[in-house]
Structure formats: structure tokens, C-alpha cells
Amino acid sequence: MNSSLNAARRRWDLDEARTDVVDVLVVGLGATGAGAALDAASRGLSVAAVDAHDLAFGTSRWSSKLIHGGLRYLASGQVGVAWESAVERDALLRFTAPHLVSAHPYLLPLTPAVSRGQAATLMAGYRMGDALRAAARTPRHLLPGPTRLAARRTLTLAPHLRAEGLRGALLSWDGRVVDDARLVVALARTAAAHGARILTRCRALALSGDGARVRDELTGEEFDIRARAVINATGVWAGELTPSVALRPSRGTHLVLRPGALGELRVGLHVPIPGERARFALVLPQADGRIYAGLTDEPLDGPIPDVPEAPESDIKFLLDVVGTALDRPLRRSDVAGAFAGLRPLVDTADTPGGPAGASTADLSRRHAVLRSPDGVVTVVGGKLTTYRRMAEDAVDAACPHARASRTARLPLVGAGPVRPGPPDRLARRYGSEAWAVRDLRREDPALAEPVALGITRAELVWAVRHEGALDAADLLDRRTRIGLVAEDRAAALPAAEAALAYS
Ligand SMILES: Cc1cc2nc3c(=O)[nH]c(=O)nc-3n(C[C@H](O)[C@H](O)[C@H](O)COP(=O)(O)OP(=O)(O)OC[C@H]3O[C@@H](n4cnc5c(N)ncnc54)[C@H](O)[C@@H]3O)c2cc1C
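In this text the structure is predicted, and so the values were computed from the model without any measurement.

Draft legend 1. Broad picture of the pairing of strand S2 (residues 47-50). Taking every second residue as pointing to the same face, both faces of S2 are buried, with Val47 and Ala49 on one and Ala48 and Val50 on the other. Of the crossover connections in this fold, the one passing from strand S1 (residues 21-27) over helix H2 (residues 31-42) to the parallel S2 is right-handed. Direction of pairing for S2 relative to strand S7 (residues 197-199): parallel, over a ladder of 3 bridges. Note that in S7 the partner of Val50 across the bridge is Leu199.

Shown next, in the form of C-alpha cells:
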């Protein structure tokens, strides 16, 4: 079946979803829900999957985009989580999304704040991470091992590091997805290619074991979707539909620094957080030239907002911490934007560190699959890296008689070979579809015009025709990330509206 998602397909799929009884209804189209829709559809089950807003509207677009090998979980004794992460990273790098996920280098500068003993412990940790890589069968050419660099080489890779007292750096590698929202789009489209009905702008109002009351947010119309099994994959909002699910949301903020704010930075940085032994701030150069710097971990009380705000206190904290490693302080004017996401951490009595009083940074990143008395299966917690395993576990629980999951080796849309020719940027974002995106200019040469960050009008039109973008916000905030910087978003808005009208 065709993998294209668009307004016409949505209308058609919506009509069918209202009359059929599907094997599985998935609620929530972040990485976990889109992964569950794919897992179920690729087992041959009939699937409807709804999201109140858009693909990747929730936490999945606010991540650091790391496809972790699990090192930090090893450090906290969570061997099972570490192993699962390494195995899932391997699947993404080698089989399912090699066009979107690749290895990236990170430097941990050995500043006076890092003692020699601490540096030796950190290097031992990186070596254990490398052993995990080998055990997961990820070839070294896809994910090189750690090394120690001299100060001079360190400064070539990160020229704005403070040279004074710098003893060099530890260089390590981990996986990274080019854009977390694109991973979700690829999952949803691959699910659609296996027959899943992907329905954005459809809010579940109430769930039961045999379906959901749903509201079409475009028309306001309410209707039922009937299903033999229901999976709640609404992340940090899961408790609103299934009140027995207890979560402790934690806010993570990233800054978006202007291109060039840190010179020619060619690697990511792990910057030690003063006063903390094993926590680091991250500096993450992006393919579009912007630099993300994160990451806070603050418990959130009260109602869950649709789009969390990054408070000034988080911004100041990150500027201060990252500035400790640089040759000049980072200023507020270096910040072009900021974004925050909410980790859907599971609050359970057997969480390592204990639920009562434990900081959210200590809560386990393990996922949970929970069945409520009415038969709804909720899958929550975990992380982007392990979305596939979460999805598999959820479908196993919801549909115990289904055949086994096939997704560990199932390539996502775009994962095929890329004929040489299109620019690297297109190949990294569209994989084997890069040519088709580029060839849109044959239809109208104006589609080759750039909109922002090297993104062309053709990419916006592609997103409307094939990636389920229904409005300008879908285009600017999720199919592309232009919207992360308010002035870029305002400048690109007319092009987004033109693309919707053109398509
Ligand atoms: C700041 C931060 C950084 C992170 N960095 C990383 C990282 O680098 N690597 C990593 O592996 N993990 C990372 N994580 C974790 C990871 O991002 C999350 O665990 C993951 O994205 C959660 O995905 P999800 O699909 O479960 O939830 P979400 O992405 O939040 O999806 C839930 C969806 O449900 C929808 N929804 C809600 N209510 C309803 C309703 N009533 N009806 C229909 N739909 C509804 C929402 O619109 C949303 O799209 C990070 C998390 C945060 C907060």
C-alpha cells in the first residue's frame, strides 16, 4: 500500500475507521504510538491510530535527538535498560533507519573541574559502553570507540573551549537522529504502507477496552472507533485517559543557539555540571547550523500543558553551565530560541531510587506496559531510542495471539539505497526519497527556491502531499524545525501557506 499521508487519505481513512471494527486502536502518534501502529500493522493486524494534534506533536519532537547506547544507565546500575538501548540503537543504525540515524562524536573537555581520577572513571565507562556496542553487534565502522585527545587537537574540533588549564578531552561516539519528528513521520508512513489508518486531529475523549470516543478536531464531530484492543500511547498525557497510570513528568529545556555562536564547532560537547559528579550539559551542533544546548531535569507539578514553555531560570542555568567550559561567557543574545519537553517518567514503587523524594533525574528510564481493569493497555516511560521495543511489548500485551513482531529488521520509509546525486542534506533527511523531493523542481522551477536553513519550497510541498502536513504549523514546527526560532518562523510562514495552496 502507498505510504503517502495527506488530507485526502485522512478523509477516506476516517470514514472507514468510523464504520469498521479494527484489531487495534492506538491513541497517540509520538514515537511510541507510531511505533505501535507499525508494529501491529506489520503483524497483519488492522489498525487505526489517532492523535489529538499532529504526528510528533508531543515530547517526541523535544528530545536531544540522541540514540543512546545506554552508557548512562550502566553507570546507574540499570543493566537491562542499557542493554535494551544498545540493541535498539543497533537496529536503527543498521536496519530500520540508517538514513536518519548515524554516529556522532562528543568531547568531554578535561577542564580543571574534572579530576584525573574522574577522567579515568569516565574513560572506563566509555569503554564499557564500547563493549556494549560490540555485544549488540554494531560494527565499529558505524560507531567508533572512545579515545583521549591532546589539548591542541581538542581545540581544533572545538575552538571556543577555554584553553587555560585544558588537559585535552575524552572523545566518544553515540547515535543521533537527524530530526526526532522526522523519525515519527517515517514510522507513521511506514505503518500506513502496511495499511494502518493514521488519523491526526482526532482526539480520544474516553477509552475502553473495546474502543474510544473520538472528536474530529477539524469539524468538532464526535464518533466511536471500535476495536478489539486499545493501546494508550499518549506519553505524558496518559493519565488523563487512564487515571490509574501514575507519572512524574520532568521538564527538559534546550537552548537554540545562533549558527556560529560557538565558532566552527564540529563535535558535540559534554560539559560537566558544577557540583554534580555524573551529570553533564550537552552542546549539540545540528546539521542546519544551529546549536542546541541542554538539558535541564525539573519536576513538573500541576496540569500538563500542550506545549511546555522554557522558563528564563532554565535558560540562565544552561547559559551559565555551558559558559564554564568556554573562552567567553554565553550571552542571552546568543540564544535564538528555546524549547522544553516533558519526560513521561513512570512513578512506581519499584523504581530504582524510590519514588518518594527521588529527583526526577534519578527515576528509571525503563518503560512500563500497564493493563487497566477495562482492558486498555498503556505504554509509557522509556525513551525515543527504545520506541520499537516499547511498541512491540505493547502490541504483545494488547494482542497476545498475534504473530511475532517483525519490526527489528523492517526498514522505514526512505531507508533504501540512495542513488548519488542529491545534496547531502536531502539524503540525510529523505534517504531513498531524496531524488523524488529534488525532482519536484521539474514540475515548477520555483519549488527549488530556499525558504530557510537550506529548506526549499519543494520540501514543504512534499510534506503536504506525502507526510500528512495539514497546516502551516505542521510544516514549520514538525515536518521542518524552522519554527524553533520565532523570527525564522515568521519569515517562512508565507512560503508554508503557499505550499498548502499549491499542493
Ligand atoms: C527534554 C527531553 C530530551 C529527551 N532526549 C532524549 C534523547 O535524546 N534520546 C532518547 O532516546 N529519548 C529522549 N527523551 C525521551 C523521549 O523523547 C520520550 O520518551 C519519547 O519521545 C516519548 O514518546 P511518546 O510517543 O511516548 O510520547 P509523545 O511524543 O509525547 O506522544 C504522545 C502523543 O499523544 C498525543 N495525545 C495526547 N493526548 C491525546 C488524546 N487524548 N487523544 C489523542 N492523542 C493524544 C499527543 O498529541 C502526542 O502526540 C527526551 C525527553 C525529553 C523531555
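Once the structure has been displayed, the description carries forward.
Draft legend 2. Representation of the packing of helix H4 (residues 79-96) against helix H10 (residues 387-398) within the structure. For the pair H4 and H10, interaxial distance at closest approach is 8 Å and the crossing angle is 105 degrees. As the angle between them shows, H4 and H10 are arranged roughly perpendicular. Each of Glu84, Glu88, Leu92 and Thr96 in H4 lies in contact with H10, whose residues at this interface are Tyr387, Arg388 and Arg389. Of the residues assigned to the contact of H4 with H10, the class counts are 2 nonpolar, 1 polar and 4 charged.

Draft legend 3. Region of the structure containing the environment of Pro311. In this fold, Pro311 is placed in the loop between strand S15 (298-299) and helix H9 (312-323). A residue is classified by how much of its surface remains accessible, and Pro311, at 24% relative accessible area, is partly exposed. Note: C-alpha distance between Pro311 and Thr96 (215 residues apart in sequence) is 36 Å. Those residues in contact with Pro311, other than ones at most four positions away along the chain, are Arg251 and Thr253.

Draft legend 4. The arrangement of the nonpolar core in detail. Membership of the largest hydrophobic core comes to 52 residues, with the highest contact counts inside it found for Leu183 and Ile198. Among the elements that line this core, the one with the most residues is helix H7 (residues 180-193), at 9 residues. Setting aside residues no more than four positions away along its own chain, Leu183 makes contact with Leu92, Ala97, Leu100, Val177, Leu384, Tyr387 and Leu412. In terms of nonpolar packing, the next biggest core, distinct from the first, is built from 29 residues, Leu107, Ala261, Leu269 and Ile291 among them.

Draft legend 5. Here's a closer look at the pairing of strand S10 (residues 222-232). With 6 bridges joining them, S1 and S10 adopt parallel strand pairing. Of the residues in S10, the one forming a bridge with Val21 is Arg226. Bridge count for strand S9 (residues 211-216) against S10 is 5 bridges, and the pairing is antiparallel. From the neighbouring strand, Arg213 faces S10, where its bridge partner is Asp224. As consecutive antiparallel partners, S9 and S10 are separated by 5 residues, and within that stretch Gly220 has a phi angle of approximately 85 degrees, a positive value.

Draft legend 6. Region of interest: the site of the ligand. Contacts to the ligand come from 37 residues, most closely from Thr32, Asp51, Ser60, Leu66 and Thr385. A distance of 2.6 Å separates an oxygen atom of the ligand from a polar side-chain atom of Asp51. Lys65 places a main-chain nitrogen or oxygen 3.4 Å from an oxygen atom of the ligand. For the ligand, whose free accessible area comes to 1000 Å², the fraction covered by protein is 96%. Those elements that place two or more of their residues in the shell around the ligand are H2, strand S8 (202-208), strand S11 (250-257) and strand S16 (335-343).

Draft legend 7. View of helix H12 (residues 434-443). Taken together, the buried positions of H12 are Ala434, Val437 and Leu440. The buried residues of H12 occupy an angular sector of 115 degrees when projected down its axis, which confines them to one face. Looking at the buried positions of H12, the neighbouring elements they touch are helix H11 (424-430) and helix H13 (457-466).

Draft legend 8. Quick look at the layout of surface pockets. Considered as a void within the structure, the second largest pocket measures approximately 710 Å³ in volume. Taken together, 35 residues line the second largest pocket, and the ones lying closest to its centre are Arg176, Pro285, Gln286, Ala287 and Asp288. For the lining of the second largest pocket, the secondary structure elements donating two or more residues are strand S4 (101-109), strand S6 (169-177), strand S14 (291-294) and H11. Class assignment for the residues of the lining of the second largest pocket results in 16 nonpolar, 8 polar and 11 charged.

Draft legend 9. Fine view of the packing of aromatic side chains. Here the structure, examined in full by the defined rule, presents 2 aromatic pairs. A connected cluster of aromatic rings, assembled from ring pairs, spans Trp62, Tyr292 and Phe339. Arg18 extends its terminal NZ or CZ atom over the ring of Phe223, reaching a point 4.6 Å from the ring centre. If you follow Arg182 out to its NZ or CZ, it ends over the ring of Tyr430, 4.4 Å from the centre.

Draft legend 10. How the structure looks around helix H5 (residues 116-135). Across its 20 residues, H5 extends 29 Å between first and last C-alpha, which sits within 8% of the 28 Å expected from 1.5 Å per residue. Buried within H5 we find Gln118, Ala119, Leu122, Met123, Gly125, Tyr126, Gly129, Asp130, Leu132 and Arg133. Within H5, the buried residues cover an arc of 165 degrees as seen down the axis, which keeps them to one side. The outward face of H5, more than 90 degrees from its buried face, is lined by the exposed residues Arg116, Thr121 and Arg127.

Draft legend 11. Inspection of the packing of H12 against H13 at higher detail. Their axes nearest at 9 Å, the elements H12 and H13 cross at an angle of 105 degrees. Considered as vectors, H12 and H13 are oriented roughly perpendicular to each other. Across from Ala436, Val437, Leu440 and Glu443 in H12, the residues of H13 making contact are Ala458, Glu459, Val461, Trp462 and Arg465. Counted by class, the contact of H12 with H13 contains 6 nonpolar, no polar and 3 charged residues.

Draft legend 12. Structural detail: the environment of Asp210. Mapping Asp210 onto the fold places it in the loop between S8 and S9. Exposure remark for Asp210: the relative accessible area of 52% places this residue in the exposed category.

Thresholds, definitions, all that
Residues numbered from 1 in each chain as written. Predicted model: local features only at pLDDT ≥ 70, side-chain atom pairs only at ≥ 80, totals over all residues. Heavy atoms only, no water. Buried < 20%, exposed > 50% of the residue type's maximum accessible area, 1.4 Å probe, protein only. Helix = DSSP H or I, 4+ residues; strand = E, 2+ residues; numbered from the N terminus. Right-handed = clockwise from strand over helix to strand, strands pointing away. Pairing = 2+ DSSP bridges. Axes fitted to C-alpha atoms, helices over the stretch in contact; angles between N-to-C directions. Parallel < 35°, antiparallel > 145°, perpendicular 65-115°, else oblique. Contact = heavy atoms within 4.5 Å. Nonpolar A, V, L, I, M, F, W, Y, C, P; charged D, E, K, R; others polar. Core = buried A, V, L, I, M, F, W, Y, C linked by side-chain atoms within 4.5 Å. Near = heavy atom within 4 Å. Polar contact = N/O pair within 3.5 Å; in protein donor to acceptor, adjacent residues only side chain to side chain. Areas by Shrake-Rupley, 256 points an atom, 1.4 Å probe, with all protein chains shown as cover. Arc of directions from axis to C-beta. 1 Å grid on protein atoms, 1.4 Å probe; cavity = no way out; pocket = protein on both sides within 12 Å on 5 of 7 lines; lining within 4 Å. Points joined across faces, edges and corners; volume = space filled by probe spheres on them. Phe/Tyr/Trp six-rings, centres within 6.5 Å; stacked < 30°, edge-to-face > 60°. Lys NZ or Arg CZ within 6 Å of the ring centre and 35° of its normal. Expected span 1.5 Å × (residues − 1).

Read these as spatial facts, not as claims about activity.
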